[in-house]
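Structural overview
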Amino acid sequence: MDILEYKNCPILVVGKEPEGQETISAAVKTFTGKLSSMGFQVLRAYTLDEGELVFRSNKAISCVIIDWSLKPSKLLGTMRFQNRNLPIFLVANKLEVGKIPLDIVSNTSGYIWLLEDTLDFNVGMVVEAAKKYIDSMLPPFFRELVNYTYEWKYAWHTPGHMGGIAFRKSPSGRFFFDFFGENTFRADLSVSVPELGSLLEHTEVVGKAESEAAKAFGADRTYFVTNGTSTANKIVFHGTVTPGQVVLADRNCHKSAMHAIIMTGAIPAYFIPTRNQYGIIGPIHNSEFEPKTVRKKLASSKLAKGAKAARLAIITNSTYDGLCYNVQSIKECLKDSVDCLHFDEAWYGYACFHPLYSGRYAMHPSRDDPSLPAMFATQSTHKVLAAFSQGSMVHVKSGKEKIDHELFNEAFMMHTSTSPQYGIIASLDVATRMMQDDGFRLMDEAMEEAIEFRKQMVEMGKKEKWWFVSWQPEKIRGKPFEKVDNKTLKSDPACWALKPNDKWHGFGDLKHDHILLDPIKVTILTPGINKKGKMEKFGIPAGIVSRFLHNRGIVVEKTGHYSFLCLFTIGTTKGKSATLLDALHEFKELYDSNAQMESVFPELAEKYPSIYKGLTLQKLCAGMHAFFVKEGISSIIHEAYSVLPPQEMAPAESYRLLVQGKVQKAKLKDLKGKISAAMIVPYPPGIPMMMPGEKFSPQTQKIMDYLDFCEEFDNEFPGFENEVHGVSIKNENGRLTYYVQCVK
Ligand SMILES: *Cc1c(COP(=O)(O)O)cnc(C)c1O
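Quick look at the structure, then.

Here is what the cut-offs are and how they apply
Residues numbered from 1 in each chain as written. Predicted model: local features only at pLDDT ≥ 70, side-chain atom pairs only at ≥ 80, totals over all residues. Heavy atoms only, no water. Phe/Tyr/Trp six-rings, centres within 6.5 Å; stacked < 30°, edge-to-face > 60°. Lys NZ or Arg CZ within 6 Å of the ring centre and 35° of its normal. Pairing = 2+ DSSP bridges. Helix = DSSP H or I, 4+ residues; strand = E, 2+ residues; numbered from the N terminus. Axes fitted to C-alpha atoms, helices over the stretch in contact; angles between N-to-C directions. Contact = heavy atoms within 4.5 Å. Near = heavy atom within 4 Å. Polar contact = N/O pair within 3.5 Å; in protein donor to acceptor, adjacent residues only side chain to side chain. Areas by Shrake-Rupley, 256 points an atom, 1.4 Å probe, with all protein chains shown as cover. Buried < 20%, exposed > 50% of the residue type's maximum accessible area, 1.4 Å probe, protein only. Arc of directions from axis to C-beta. Salt bridge = Lys/Arg side-chain N within 4 Å of Asp/Glu carboxyl O. Parallel < 35°, antiparallel > 145°, perpendicular 65-115°, else oblique. Nonpolar A, V, L, I, M, F, W, Y, C, P; charged D, E, K, R; others polar.

A few words now on the packing of aromatic side chains. This model, assessed by the stated rule, comprises 41 aromatic pairs. Three or more aromatic residues link up through ring pairs in this structure, and these residues are Trp466, Trp467, Phe468, Phe538, Phe548, Phe587 and Tyr591. Over the ring of Tyr270 we find Arg251, and its NZ or CZ is 4.5 Å from the ring centre. The ring of Tyr739 has Lys730 sitting right over it, with the charged end atom 4.4 Å from the ring centre.

Written as structure tokens, this is what we have:
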């Protein structure tokens, strides 16, 4: 690697400023001076506290040197816990070596005898150790990419921008080049660089990086995907399912799973998730996985044509609200019903790095049991770990069916570009190494932050007349949640288990240990629905709160009618949650002081004066809440999701008709009797209501009612419109009108 890169990685020197005749301190000063004069960046700290501060805030440090006379035992322990491989040297006097305690010795990489050895020797030793460390720290693909980039070769291959040069030839291109920086372009290589291997063939360093990932995530084999889990899901389907085979799908699946069903010509039967009183979509009840339930589902499906078992089951894990399944028990329950079990873990790539999630992710270590299904997990590395957008992985583990790599790779190639983005691949490689090195610590910190936030929410609630509620168990073994210490909460999964019939979760008689609430996914409830699911007099719809937060630069993950979700990931910094608390407080103050719309949502007051001008925040909340009460929102959602619409044709068939133009858009009032050609997903709550090929019929009246409700709401409260995927909206004489694509 280029020497410039090493020099950008500072060396931290912790030692006193020399006073009088102290020979060691003086020698440290000379030593530091020499490093600086050679162009290395040196960070100086004069006390242990200062040393710790600098160390914690700078992960680029490539070597640490500490004067042992400062008694650095505790600091050394901290540094080792944070970084197993960093070279740490003690500066000492050879005569004193016998006095250095064992715990210090075991946490250091070696000694520097400043008084005994020559300056050049000592400097050389430190620089070498730093270089070795940096080289070993970088994962295989990224390291090769960096090396290649620093060889400054002339490119005669694609991409056509030739290391960025083409951009510099025109003003807008020049701006683009400067914005992203030269390395972005020099490292944007094509498959014609043999040193970097081939993603399609999994050779050389790409292959190495994938096998490192397999080790880290617990898979037999891992595939890097450069087009998101949307594509990862399609790869798994195309590698396992053929036309006409039955697939058991979580009704709460991502649209890519539906696309995969269409593309493979599979016949879907569904697992129906539960819902609770707050409209939160819960887990699939354990009874849904039982052999007799599955048999019943298949027997009652007119499309499944008497199939006795399904080829594959796909389950979203964790759910969008952070509910994590007991994977082992699902595997065992489904073992005679499916050959392959696919967990869509788009939001859950961190699970294997913290013991709290033990046994709750697809690749969890388990004994080899040849009767269990083959396992697949798809993870959007970019969503919850640190990778470029679209960086995703497929993890595979054989079971009763052995997954043959060469055959499965045909599906991988079918969906993978022959010019994959190397930056995405490198980021998957780095994400893996980061989690291997620091996964536990990073997750533990995220958890700590989320737990602290939850506790503060509870404490705040005790002081105020009304406040927002973080959704979690109120008591743990009889002790109020906020009194349970963080260490227990971070290490004992039982704290987060959804106990059968506990009131707070409202998902009824779940099996013991079936579901765990992920502490880092924090759902916040706004006032309006009580624990029994009754609409209350006083209510503050969540959409208003999250719109307010958005204006304050806080973007929440997803918003329901009376709940919204905040995600604490490894990117969450200490204090980020304080910003959220502050903003919630500010909202409360504005609400309590009955602020004017013009000051809270000036953009809405200006854009829709006839509706919002002169209104106050309280009036807006009351108006929207009254609308939800009138429509009975909590029961309407509940009922709409309780029906499974009749399947008239396979999704692939309805899609065929769509391509042939044998479809027509219909208004909501004309839907009855028609077959939907679209997948209709209202946000909130973001669960498909209709799948292509399903029929609007008397049984689906509640679904049509819900769509009517959404349309009505959009017209009453512009600026707060629902997002309903799968419908198109036309403005007809000032009224927003929903249309659904139906089979002619
Ligand atoms: C986001 C998501 C996907 C798609 O992942 P991308 O990486 O955005 O393509 C698939 N499944 C679920 C459950 C998701 O939430």
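Okay, the pairing of strand β10 (residues 281-284) next. Relative to β10, strand β9 (residues 273-275) is paired through two bridges, and the arrangement is antiparallel. Pairing of Arg275 across the sheet is with Ile281, part of β10. Between β9 and β10, which pair antiparallel and follow one another directly, the connecting turn spans five residues, one of which, Gly279, has a positive phi of 85°.

A word on the sheet that holds strand β8 (residues 267-271). The strand order across the open sheet formed by seven strands is β6-β15-β14-β13-β11-β7-β8, and the pairing between neighbours is mixed. Lying at the two open borders of the sheet, with one neighbouring strand each, are β6 (221-225) and β8. For this sheet, the mean inter-axis angle between neighbouring strands, taken without regard to orientation, is 20°. In the sheet, strand β14 (residues 374-379) pairs with strand β15 (residues 392-397) via five bridges, with the strands oriented antiparallel. When the sheet's bridge partners are listed, Met375 is paired in β15 with Lys397. The strands touched by helix α17 (residues 422-463) are β6 and β15; relative to β6, the strand with the most contacts, the crossing angle is about 135°.

As a further point, take the site of the ligand. Taken together, 14 residues lie near the ligand, and Ser230, Asp344, Trp347, His382 and Lys383 sit nearest. At 2.8 Å, a side-chain N or O of Ser380 approaches an oxygen atom of the ligand. Coverage of the ligand by the protein chains reaches 88% of its 380 Å² of free accessible surface. Mapped onto the shell around the ligand, the elements with two or more residues apiece are α11 (228-240) and α15 (381-384).

Of the positions making up helix α13 (residues 291-300), those classed as buried are Thr293, Val294, Lys297 and Leu298. For α13, the angular spread of the buried residues around the axis is 135°, confining them to a single face. Away from its buried face, by an angle of more than 90 degrees, α13 presents the exposed residues Lys292, Arg295, Lys296, Ala299 and Ser300. As for α13, its buried residues are in contact with β7 (246-250), β8, β11 (310-316) and α14 (327-334).

Turning our attention to the pattern of salt bridges. According to the stated counting rule, one finds 34 salt bridges in the structure shown. Between Asp513 and Arg360 there is a salt bridge, and its shortest N-O distance comes to 2.6 Å. With Asp513 in the loop between α18 (486-491) and β19 (515-517) and Arg360 in the loop between β13 (338-344) and β14, this residue pair connects regions lying 153 residues apart in the sequence. Measuring nitrogen to oxygen at the nearest pair gives 3.8 Å for the salt bridge that ties Lys630 to Glu631.

Attention shifts here to the sheet that holds strand β20 (residues 521-525). Spatially, β16-β20-β22-β21 is the arrangement adopted by the four strands of the open sheet, whose pairing is antiparallel. Strand pairing shows two members of the sheet lacking a second neighbour, β16 (469-470) and β21 (558-559), which therefore form its edges. Sheet analysis places β21 next to strand β22 (residues 563-567), joined by two bridges and oriented antiparallel. Paired with Thr559 across the bridge in β22 is Phe564. Against the sheet, α17 engages β16 and β20, with an angle of about 15° to β20.

What follows is about the packing of helix α3 (residues 48-57) against helix α4 (residues 73-82). In helix packing, the relevant descriptors are the interaxial angle and the interaxial distance, both defined with respect to the helix axes. Packing of α3 against α4 leaves a shortest axis separation of 10 Å and a crossing angle of 10°. When the axis of α3 is compared with that of α4, the two are roughly parallel. Seen from α3, the contacting residues are Leu48, Glu52, Phe55 and Arg56; seen from α4, they are Leu75, Thr78, Met79 and Gln82. For the contact of α3 with α4, the per-class residue count stands at four nonpolar, two polar and two charged.

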